Amino acid sequence: MSVARLAFASLSYVGWGALEQLLPEVRRFSPKRILVVTDPALEKIGFIQRVTAPLIQQGYEVERYTDVVPEPPLEVGEKLVSMTRQDKFDMVIGIGGGSSLDLAKLAAVLAVHEGTVGDYLNLTGTKTVQQKGLPKILIPTTSGTGSEVTNISVLSLETTKDVVTHDYLLADVAIVDPALTVTVPPRVTAATGIDALTHAVEAYVSVHASPTTDGLALQAIRLIGRSLRKAVADGNDKQARIDMSNGSYLAGLAFFHAGVAGVHALAYPLGGQFHISHGESNAVLLPYVMGYIRQSCTKRMADILNALGGNSAYLSEEEASYRCVEELERLVKEVGIPNTLGGFHIHETALESLTQDAVQQKRLLARSPLPLLEEDIRNIYQSAFIGRVTEPKRKMEKS
Ligand SMILES: [Fe+2]
């Protein structure tokens, strides 16, 4: 009998118009100086000014940090944390995609710690987080990362990524308002949506899955499966945006507790070495990783097929699992994401350096239902170069 450890953001508002809860929630913490962490694009279109105006009218001092970049490098985290320490803020609000939210929670927690951000990294750091830090409100404007409900902040290093992780990084308040996502362009909707789907799929087949995370993951897959194509085709499709926000939120809760695995482990080096966005890195690898590990989790793959709207009723478990991989391939293709590494102009000469970086992601690889060894990782990248799903030569145990 295993015990699931479940930690959640203190409070979440999820639904169309949820942003109205921002001001009352800020009041609850009685801050004087608020740091808003966001990206330049949201500032440029005047969105951040509209969100912060009511706070300023109420007399709160609001400072905006708008230098967030996609897949933020460690140096950006260092700069933001030292600014947060110096300027004596007493609340942090993160608004934007996963990068803004990740940096906001990092700044809120490390504002009350000593040392560099590098000191707290999972793979190479020497210090651990000791205090909760400043109150933080996280407001996603894309449906993808689930950062608003996780305890992880991801940072890019020279050729790969690492994380700062602790439950103190969990948001005090998460505000998930699908209305904020209607202006997200199709390409970003597709990439972030497949990221969310990958969270749910990897959580569902994870060795740490529990009945609770299974429920969250399957419902996320249902919502994303029925609405991602629609949200990409028509950003103003309100129901599709609502489904994607809920799906992404549920997927975030699922993977935070059950973990992501091989897809993310192999995707990180694509971001690190070739600056492919996190969502697209996952998308291009999703069918190849799931196809490779298929034999180790055929029953669960059949469940995923059903959640995606397929029907496994007249199929054997084996057939349904094959069909699931095909469905994932089709979905990635139909939302317009290249389905080979060559489609991202990555040449096969990168095979070895990608493999060597991915092998380092032991925390993620350990959750795969099929233990992924160096040889497996090389095989999967190889299959993503040639554009054909492959399977391990050795015999698998089924779960
Ligand atoms: Fe992800």
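Above this text sits the structure in question.
I will try to describe carefully the structure that is included in this document. Quick caveat, the model's predicted, so the values are computed rather than measured.

Definitions and limits used
Residues numbered from 1 in each chain as written. Predicted model: local features only at pLDDT ≥ 70, side-chain atom pairs only at ≥ 80, totals over all residues. Heavy atoms only, no water. Buried < 20%, exposed > 50% of the residue type's maximum accessible area, 1.4 Å probe, protein only. Helix = DSSP H or I, 4+ residues; strand = E, 2+ residues; numbered from the N terminus. Pairing = 2+ DSSP bridges. Salt bridge = Lys/Arg side-chain N within 4 Å of Asp/Glu carboxyl O. Lys, Arg positive; Asp, Glu negative; His and termini not counted. Polar contact = N/O pair within 3.5 Å; in protein donor to acceptor, adjacent residues only side chain to side chain. Contact = heavy atoms within 4.5 Å.

Let's talk about the pairing of strand β4 (residues 91-96)
Most of β4 is tucked away, with six of its six residues classed as buried. Here β4 shows no split at all, with Met91, Ile93 and Ile95 on one side and Val92, Gly94 and Gly96 on the other all buried. Relative to strand β5 (residues 136-140), β4 runs parallel, the two being bridged by five bridges. Along β5, the bridge assignment pairs Ile95 with Ile139.

Quick notes on the pattern of salt bridges
Applying the stated rule across the entire model yields 17 salt bridges. Notably, a salt bridge pairs Glu25 with Arg28, separated by 2.7 Å at the nearest N-O pair. Here Glu25 pairs with Arg28, and both are found in helix α1 (residues 22-29), just three residues apart, close to one helical turn. Owing to a relative accessible area of 48%, Arg28 belongs among the partly exposed residues under this scheme. A salt bridge links Glu61 to Arg33; its shortest N-O distance comes to 2.8 Å. With Glu61 in strand β3 (residues 61-65) and Arg33 in strand β2 (residues 33-37), this pair connects stretches of sequence that are 28 residues apart. For Glu61, a relative accessible area of 43% corresponds to the partly exposed category. Linked through salt bridges whose partners overlap, the residues forming this network are Arg229, Glu327, Arg330 and Glu334.

Details of the side chain of Asp162
By secondary structure assignment, the location of Asp162 is in strand β7 (residues 161-165). Here Asp162 sits buried without a salt bridge, and the closest side chain of opposite charge, Arg363, lies 6.0 Å off (N-O distance). Side-chain polar atoms of Asp162 contact the backbone nitrogen of Leu123, separated by 2.8 Å. Setting aside residues up to four positions removed in sequence, Asp162 forms contacts with Leu121, Asn122, Leu123, Thr124, Ser153, Val154, Leu155 and Leu157.

Some remarks on the pairing of β7
Most of β7 is tucked away, with four of its five residues classed as buried. Here five bridges tie strand β6 (residues 152-156) to β7, and the two strands are oriented antiparallel to one another. If you follow Leu155 over to β7, its bridge partner there is Asp162. Connecting β6 to the next strand, β7, in antiparallel fashion are four residues.

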